Amino acid sequence: MRSQLPPPPARVLEVGCGSGELALALSAWGWRVTAVDPEAPEGEPFVRAAVEELNAAEYEPFDAAVTVLCVHHARDVGAVLDKVCSLLRPGGVLVVDEFRKEHLADEATAAFFYYQHISLLC
């Protein structure tokens, strides 16, 4: 994932940050991160909201956006991706890492996959 992002200190939006591991790692590597999730941790760099609720006028355009294993939760994937793209500067990068939810075995498998996958990305 890091190889797909513009070099630090680019502004990166993480969509569906969960408990924030990736956002904190990207921040530690020098990117300026805003991480959004309805259940995001409190404090910087987190925003506790769905990405669809963000007001583009309140944010400087992002150089890149990343979403890891979260788009499958969206009721309207097109609307989510349109919103993310509206938050990017022209020519901004969108990195999506996803799977087909109907092929996932169960919640325990999903949790295992998520934590192993995040370790590989970082």
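Residues numbered from 1 in each chain as written. Predicted model: local features only at pLDDT ≥ 70, side-chain atom pairs only at ≥ 80, totals over all residues. Heavy atoms only, no water.

Participant: I would appreciate a short explanation of the overall build of the chain in the present structure.
Facilitator: Helices and strands together make up the secondary structure of the chain, namely three helices and five strands. In sequence order, the chain lays out its α and β elements as β-α-β-β-β-α-β-α. A total of 122 residues make up the chain; the buried ones form 43% of that total. Only carbon and sulfur atoms are counted for the fraction: they give 54% of the accessible area of the chain, which is about 6900 Å². (Helix = DSSP H or I, 4+ residues; strand = E, 2+ residues; numbered from the N terminus. Buried < 20%, exposed > 50% of the residue type's maximum accessible area, 1.4 Å probe, protein only. Areas by Shrake-Rupley, 256 points an atom, 1.4 Å probe, with all protein chains shown as cover.)

Participant: Where do I start with the packing of aromatic side chains in this structure?
Facilitator: Working definition: an aromatic ring pair is given by the centre-to-centre distance plus the angle between the planes. Counted by the stated rule, this structure contains one aromatic pair. Here the aromatic rings of Tyr59 and Phe62 are separated by 6.0 Å at their centres, their planes lie at 35°, and the arrangement is tilted. Taking the relative accessible area as the measure of exposure, Phe62 reaches 0% and is therefore buried. When the ring centre of Trp29 is taken as reference, the NZ or CZ atom of Arg2 above it lies at 4.1 Å. The ring of Phe62 has Arg11 sitting right over it, with the charged end atom 4.3 Å from the ring centre. (Phe/Tyr/Trp six-rings, centres within 6.5 Å; stacked < 30°, edge-to-face > 60°. Lys NZ or Arg CZ within 6 Å of the ring centre and 35° of its normal.)

Participant: Would you take a moment to explain helix α1 (residues 21-28) for this structure?
Facilitator: Note on helix geometry: an α-helix contains 3.6 residues per turn, so any two residues three or four positions apart are oriented the same way. Taken residue by residue, α1 has Leu22, Ala23, Ala25 and Leu26 as its buried positions. In an axial view of α1, the angular spread of the buried residues amounts to 165°, which keeps them on one side of the axis. Contacts made by the buried residues of α1 are with β1 (11-15), β2 (32-37), β3 (46-48) and β4 (62-68). In the segment just after α1, Gly30 is the residue with positive phi, at about 110°. (Arc of directions from axis to C-beta. Contact = heavy atoms within 4.5 Å.)

Participant: Explain the environment of Pro61 to me, please; I cannot follow it from the model alone.
Facilitator: Inspection of the secondary structure assignment puts Pro61 in the loop between β3 and β4. Apart from residues lying up to four places away in sequence, Pro61 is in contact with Arg11, Leu87, Leu88 and Arg89.

Participant: What am I meant to see in a negative patch on the surface here?
Facilitator: Together, Glu52, Glu53, Asp76 and Asp82 line one region of the surface with negative charge. Within the secondary structure, Glu52 is located in the loop between β3 and β4. Residue classification places Glu52 among the partly exposed positions, given a relative accessible area of 45%. (Patch = residues over 30% accessible without salt bridge, like charges linked within 9 Å, V, L, I, M, F, W, Y side chains within 5 Å. Salt bridge = Lys/Arg side-chain N within 4 Å of Asp/Glu carboxyl O. Lys, Arg positive; Asp, Glu negative; His and termini not counted. Charge placed at Lys NZ, Arg CZ, Asp CG, Glu CD.)

Participant: Mind showing me how you'd approach the nonpolar core here?
Facilitator: Ranked by size, the top nonpolar core spans 17 residues in total, and within it Leu5, Leu26, Trp31 and Val66 carry the most contacts. Among the secondary structure elements, those contributing two or more residues to this core are α1, β2 and β4. Leave out the neighbours within four places in its chain, and Leu5 touches Leu26, Trp31, Ala64, Val66 and Val95. Core analysis: the next-biggest nonpolar cluster, separate from the first, contains 13 residues, Val47, Leu54, Val80 and Val84 among them. (Core = buried A, V, L, I, M, F, W, Y, C linked by side-chain atoms within 4.5 Å.)

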